[in-house]
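Each chain, letter by letter, is given below.
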Amino acid sequence: MAAGRSWGRYPVTSERVVPLSDRLAPLPPAQLPVLPLGNARSYGDSCLNDGGILLSTKNLDRFIAFDPSTGVVTCETGVQFADILDLVVPQGWFLPVTPGTRFVTVGGAIANDVHGKNHHRAGTFGHHIIAFELLRTDGSRLLCTPEENADWFAATIGGLGLTGLVTWARIQLRRIAGPWMASETHRFESLEEFFSISDASDSDYEYTVSWIDCVASGKALGRGLFSRANHAPANPDMRPLPSGRRLSVPLTPPFSLINSLSLKAFNHLYYHRQRKRVEHSTVHYEPFFYPLDSVVNWNRAYGPRGFLQYQCVIPPQFAFDGMAELIKEISRSGTGSFLAVLKQFGQSPSRGMLSFPRPGTTLALDFPNEGKTTFDLLRRLDDVVADAGGAVYPAKDARMSGPHFRTYFPHWKAFGAFIDPGISSSFWRRVSE
Ligand SMILES: Cc1cc2nc3c(=O)[nH]c(=O)nc-3n(C[C@H](O)[C@H](O)[C@H](O)COP(=O)(O)OP(=O)(O)OC[C@H]3O[C@@H](n4cnc5c(N)ncnc54)[C@H](O)[C@@H]3O)c2cc1C
């Protein structure tokens, strides 16, 4: 058994990793519970299986078909978003939905039904899945589409890898004219202003997202930078593409580099870095969608104890008060991350039974793991979210309680009928007990 770690480097578990390389072969026989593993870009324990087996899809990385006239791609589920982009962007296509890193696999993106900056227009990744194959540990295979085996389709999208291994998937891409984004950034001074810019942007901008200063308080509570963008109509002035050079955090420092002093200084500088109220720019899609990917292993900066990411959503009727309460609580604690992200989700209901996105406002940020103080703070945030009828995102979670999970995801019981008896995860054991 080797030590397993997800992106937040907490918790540390112990499991055996078994690589898969043939999508046509049955799953290897196992005495212990198994769990499919993508690229371990989930932050907590939803991709971990303490004491069990992880079935790595790293080598299930082949493209099966791509039709450049329709933008339909079929591939094995260990294929990463970065590989899809490399193939399709030069041919005028783009991922329909992408999270903030391109180093996720198609299987991981289905199992967490990931969302991006265009949720208000495009919904989640699951909305763009045409079909996939589900392989169960008993050897059965199900072709799942929105019409065929529709209940399995709904259980597997956002199903946290618990319904079986998705061997391949067919995805509808969206057309683009080129790799550039026409973007603008608005500085806003309060949470009220965030909501009004967001409401005004939804219909004209495909992508919207905000950075907020999570340590600001009082009148400045919720201040930040609102970014909105569309794909640029054509390659504007043929700038050179980014060099591909990336910075790296080469080793884990003995303590977290993110503390209340560095946080306050960074947030202040970052907020004031934009002098004008509105700035326009044309940027390549890579830094626009994946700013963190340019720093390899940035997760090490939090030191050996790792960090906890927190992402929640609060429904529209309580969004303003709920977000204000959460940000106040975080600002009071003096902890948090450089990157606190606020965004409004759109109305389209997710296709997955356990999908996290739903109408409302979502907040995401990291917390260095400082033990009990951090866990107590996150529990207080959970209570605010539960009282407001919201939810916490399993892909980012390592510690929410079972009762909280079951309140956030009322379909969890019905979902139980679709769990493969040979599959389990550290997350599932924790929240279902
Ligand atoms: C920097 C960063 C930014 C992020 N931004 C966002 C964001 O904007 N929006 C968002 O939604 N998420 C975001 N995430 C989270 C990330 O998109 C998800 O955790 C994603 O699921 C990770 O994919 P993965 O391939 O690494 O899967 P893993 O983390 O390895 O696994 C995730 C889940 O998928 C299951 N799984 C993997 N492969 C298969 C398969 N073939 N069949 C069945 N189940 C499978 C696993 O069992 C597990 O439950 C971000 C993560 C990082 C590190």
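Details of the structure are given in the entry above.
Because the structure is predicted, anything quoted here is derived from the model rather than measured.

A. Expanded view of the packing of helix α5 (residues 191-201) against helix α8 (residues 316-333). Packing of α5 against α8 brings their axes to within 11 Å, and their N-to-C directions diverge by 135°. For the element pair α5 / α8, the angle class is oblique. Here α5 runs over α8; the crossing is right-handed. Each of Leu191, Glu192 and Phe195 in α5 lies in contact with α8, whose residues at this interface are Ala319, Phe320, Met323, Ala324 and Ile327.

B. Inspection of the pattern of salt bridges at higher detail. All chains considered together, the criterion is met by 18 salt bridges. Salt-bridge contacts for Arg102 lead to Asp293; the nearest nitrogen and oxygen are separated by 3.1 Å. One end of the pair, Arg102, is in the loop between β7 (93-94) and α2 (106-111); the other, Asp293, is in the loop between α7 (285-289) and β17 (295-296), with 191 residues separating them in the sequence. Given the relative accessible area of 7%, Asp293 is considered buried. Asp376 is the partner of Arg379 in a salt bridge, and the nearest nitrogen-oxygen pair spans 2.5 Å. Separated by three residues within a single helix, Arg379 and Asp376 lie in helix α9 (residues 372-387), roughly one turn from each other.

C. View of the site of the ligand. Near the ligand lie 35 residues; those nearest to it are Pro36, Arg41, Ser42, Thr105 and Tyr393. Note that an oxygen atom of the ligand is positioned 3.2 Å from one of the backbone N or O atoms of Ser46. Separating an oxygen atom of the ligand from a side-chain N or O atom of Thr105 is a distance of 2.6 Å. A total of 970 Å² of accessible area belongs to the ligand in isolation, and the protein chains cover 96% of it. Those elements that place two or more of their residues in the shell around the ligand are β3 (34-37), α2 and β10 (165-172). Split by residue class, the shell around the ligand holds 18 nonpolar, 15 polar and two charged.

D. Quick peek at unusual backbone geometry. With an omega of -5°, the peptide bond running from Tyr10 to Pro11 counts as cis. Phi is positive for Arg9, close to 60°, though the residue is something other than glycine. As for its position among the elements, Arg9 is in the loop between β1 (2-4) and β2 (13-19). Not every positive phi belongs to a glycine, and Asn297 is a case in point at roughly 60°.

E. Representation of the sheet that holds strand β14 (residues 224-231) within the structure. Spatially, the eight strands line up as an open sheet ordered β16-β12-β14-β13-β19-β20-β18-β21, and their pairing is antiparallel. Either end of the sheet is taken by a strand with one partner, and the two such strands are β16 (278-284) and β21 (391-392). Where strand β12 (residues 180-188) lies against β14, eight bridges are found, and the strand directions are antiparallel. In the sheet register, Arg187 faces β14, and the bridge partner there is Leu225.

F. Quick peek at the packing of α8 against α9. At a minimum axis separation of 10 Å, α8 and α9 run at an interaxial angle of 170°. When the interaxial angle is binned, α8 and α9 end up roughly antiparallel. Taking contact as the criterion, the partners of Gly322, Glu325, Leu326, Glu329, Ile330 and Ser333 in α8 are, on α9, Leu377, Arg380, Leu381, Val384 and Val385. Here the residues of the contact of α8 with α9 sort into six nonpolar, two polar and three charged.

G. The arrangement of the sheet that holds strand β4 (residues 53-56) in detail. Strands sit in the order β1-β2-β4-β3 across an open sheet of four strands; the sheet is mixed. For this open sheet the edge positions go to β1 and β3, each flanked by a neighbour on one side alone. When the angles between neighbouring strand axes are averaged without regard to direction, this sheet yields 50°. Direction of pairing for β1 relative to β2: antiparallel, over a ladder of three bridges. Following the sheet pairing, Gly4 is matched in β2 by Thr13.

H. Highlighting the packing of aromatic side chains. One pass over the structure, following the stated rule, counts 24 aromatic pairs. Taking the centre distance of 5.2 Å and the plane angle of 80° together, the rings of Phe94 and Tyr285 count as edge-to-face. With a gap of 191 residues between them, Phe94 in strand β7 and Tyr285 in helix α7 connect regions that are remote in the sequence. Grouping residues by exposure puts Phe94 and Tyr285 together as buried. For the pair Tyr302 and Phe307, a centre-to-centre distance of 4.3 Å together with 25° between the ring planes defines the contact as stacked. When its relative accessible area of 1% is taken as the criterion, Phe307 is described as buried. One aromatic cluster is present, built from ring pairs that chain together Phe94, Tyr207, Tyr285, Phe288, Phe289 and Tyr290. Here Lys117 stacks its cationic end above the ring of Phe288, 5.2 Å away from the centre of that ring. Between Arg406 and the ring centre of Trp412, over which it is positioned, the NZ or CZ distance is 5.4 Å.

I. The arrangement of the pairing of strand β13 (residues 207-212) in detail. Most of β13 is tucked away, with six of its six residues classed as buried. Burial along β13 is two-sided: the face carrying Tyr207, Val209 and Trp211 and the face carrying Thr208, Ser210 and Ile212 are both buried. Relative to β14, β13 runs antiparallel, the two being bridged by six bridges. Considered in β14, the bridge of Ile212 is made with Gly224. Of the pairings in the sheet, the one linking β13 to strand β19 (residues 340-345) comprises three bridges and is antiparallel in character. Counterpart to Ser210 in the pairing with β19 is Leu342.

The rules we used
- Residues numbered from 1 in each chain as written.
- Predicted model: local features only at pLDDT ≥ 70, side-chain atom pairs only at ≥ 80, totals over all residues.
- Heavy atoms only, no water.
- Axes fitted to C-alpha atoms, helices over the stretch in contact; angles between N-to-C directions.
- Helix = DSSP H or I, 4+ residues; strand = E, 2+ residues; numbered from the N terminus.
- Parallel < 35°, antiparallel > 145°, perpendicular 65-115°, else oblique.
- Left-handed = near helix turned anticlockwise from the far one by under 90°.
- Contact = heavy atoms within 4.5 Å.
- Salt bridge = Lys/Arg side-chain N within 4 Å of Asp/Glu carboxyl O.
- Buried < 20%, exposed > 50% of the residue type's maximum accessible area, 1.4 Å probe, protein only.
- Near = heavy atom within 4 Å.
- Polar contact = N/O pair within 3.5 Å; in protein donor to acceptor, adjacent residues only side chain to side chain.
- Areas by Shrake-Rupley, 256 points an atom, 1.4 Å probe, with all protein chains shown as cover.
- Nonpolar A, V, L, I, M, F, W, Y, C, P; charged D, E, K, R; others polar.
- Pairing = 2+ DSSP bridges.
- Phe/Tyr/Trp six-rings, centres within 6.5 Å; stacked < 30°, edge-to-face > 60°.
- Lys NZ or Arg CZ within 6 Å of the ring centre and 35° of its normal.

Treat this as a map of the structure, not an account of what it does.
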